[in-house]
Structures are given as structure tokens and as C-alpha cells.
Amino acid sequence: MAKKVVATLKVAGKGKEFSKVITMNKSPRTGAYSFKEQIVPNDNIKDAIEGKL
């Protein structure tokens, strides 16, 4: 039986300082969508959405 691995962002109450940002990109060649997931500090959310990170 396989074990489930659980990862958390909590380190002594610091888990609330980070957010998971998922951006969607459309390929100009095929038209297919791809998704990119990032875990970023709350101060850099707008930069991650704009693609600067």
C-alpha cells in the first residue's frame, strides 16, 4: 500500500505569509493551455501573476 506524502507550509506560524499562485498560459502555436503553479510570499503576488517572477 502506498503512503501519502503531505507537505505543509506551516513553520511555527509562518504559513500565512505565503500563497499558491496558479497562472494559465495559452500556447500561440497549438492553442493549448498550460498551468504554472508557484508558492510566493504575499508581498510578491502581483509580480507572480504578471509573470515577473
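The sections below set out a description of the structure shown in this document. No experiment lies behind these values; they were computed from the predicted model shown.

Let's shift gears to the overall build of the chain. Helix and strand content of the chain: one helix and two strands. Counting over 53 residues, the chain shows a buried share of 11%. Taking all contacts inside the chain whose residues are at least 6 apart in sequence as the whole, residues at least 24 apart take part in 22%. In the structure as shown, the chain presents an accessible area of about 5100 Å², 56% of it carried by carbon and sulfur atoms.

This next bit is on the pattern of salt bridges. The tally for this structure, following the rule as stated, stands at one salt bridge. Here E37 and K20 are joined by a salt bridge, their closest N and O atoms 3.2 Å apart. With E37 in strand 2 (residues 33–41) and K20 in strand 1 (residues 18–26), the pair connects residues that are 17 residues apart, well separated along the chain. We note that E37, like K20, is exposed.

About the criteria used
- Residues numbered from 1 in each chain as written.
- Predicted model: local features only at pLDDT ≥ 70, side-chain atom pairs only at ≥ 80, totals over all residues.
- Heavy atoms only, no water.
- Helix = DSSP H or I, 4+ residues; strand = E, 2+ residues; numbered from the N terminus.
- Buried < 20%, exposed > 50% of the residue type's maximum accessible area, 1.4 Å probe, protein only.
- Contact = heavy atoms within 4.5 Å.
- Areas by Shrake-Rupley, 256 points an atom, 1.4 Å probe, with all protein chains shown as cover.
- Salt bridge = Lys/Arg side-chain N within 4 Å of Asp/Glu carboxyl O.

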